[in-house]
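Chain by chain, the residues:
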Amino acid sequence: MEDYQTHAGEELVELATEEICGQNGMPILMQLWVKDCPGLIASQQSSLATLSGQFTTRLNLGLLSVFTTEVGGQKLLPALRLPRYQVTTVGVAGHFFTVNSRSEQADLK
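Calculation criteria
Residues numbered from 1 in each chain as written. Predicted model: local features only at pLDDT ≥ 70, side-chain atom pairs only at ≥ 80, totals over all residues. Heavy atoms only, no water. Axes fitted to C-alpha atoms, helices over the stretch in contact; angles between N-to-C directions. Helix = DSSP H or I, 4+ residues; strand = E, 2+ residues; numbered from the N terminus. Parallel < 35°, antiparallel > 145°, perpendicular 65-115°, else oblique. Left-handed = near helix turned anticlockwise from the far one by under 90°. Contact = heavy atoms within 4.5 Å. Nonpolar A, V, L, I, M, F, W, Y, C, P; charged D, E, K, R; others polar. Buried < 20%, exposed > 50% of the residue type's maximum accessible area, 1.4 Å probe, protein only. Phe/Tyr/Trp six-rings, centres within 6.5 Å; stacked < 30°, edge-to-face > 60°.

A. Representation of the packing of helix α1 (residues 2–21) against helix α4 (residues 45–54). Running from amino to carboxyl end, α1 crosses α4 at an angle of 120°, the nearest separation of the two axes being 7 Å. As judged from the angle between their axes, α1 and α4 are oblique. You can see that α1 and α4 cross each other, and the crossing is right-handed. Contacts from Gln 5, Thr 6, Ala 8, Gly 9, Glu 10, Leu 12 and Val 13 in α1 reach Gln 45, Leu 48, Ala 49, Thr 50, Ser 52 and Gly 53 in α4. A class-by-class count of the residues in the contact of α1 with α4 yields five nonpolar, seven polar and one charged.

B. Local environment of unusual backbone geometry. A positive phi is found at Ala 93, a non-glycine position, where the angle reads about 50°. Within the secondary structure, Ala 93 is located in the loop between β5 (85–92) and β6 (95–103). By relative accessible area, Ala 93 is classed as exposed at 68%.

C. A look at the packing of aromatic side chains. Scanning all chains against the criterion turns up three aromatic pairs. Plain terms: the ring middles of Tyr 4 and Phe 67 are 4.2 Å apart, the flat faces sit at 5° to each other, and that makes the pair stacked. Here the residue Tyr 4 occupies a position in helix α1, and Phe 67 occupies one in strand β2 (residues 65–71), the gap between them amounting to 63 residues. Aromatic pair Phe 67 and Phe 96: ring centres 5.9 Å apart, planes at 65°, arrangement edge-to-face. Here Phe 96 lies in strand β6 and Phe 67 lies in strand β2, a separation of 29 residues in the sequence. Among the aromatic residues, those joined into a ring-pair cluster are Tyr 4, Phe 67 and Phe 96.

In structure tokens form, the structure reads like this:
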């Protein structure tokens with residue numbers, strides 16, 4: 001499970017960076033205040049990994065495991081809420097393959 005948490009933290013950083021730091025992510029005023037959006041999200045990788053472990057179910061099928069993680073909705077900053085994500089990953093011999101991921105739009109008011 002620890003290996004999966006590390007993998008999930010990396011995946012969540014990537015997804016959140018794309019969605020929050022992308023062109024239509026943060027409002028202009030937030031962009032002026034947050035100078036390094038990708039760096040801010042990357043600095044939360046450990047927390048996101050821990051969070052993913054709390055919201056993951058594991059189906060052990062012997063040779064492989066299926067992990068389903070549903071996280072999101074938490075506030076990162078007063079006016080910035082993390083988008084909701086559902087990620088399904090297959091783990092085989094210490095390697096992880098994301099087979100499905102979806103997200104709901106972040107609340108960026």
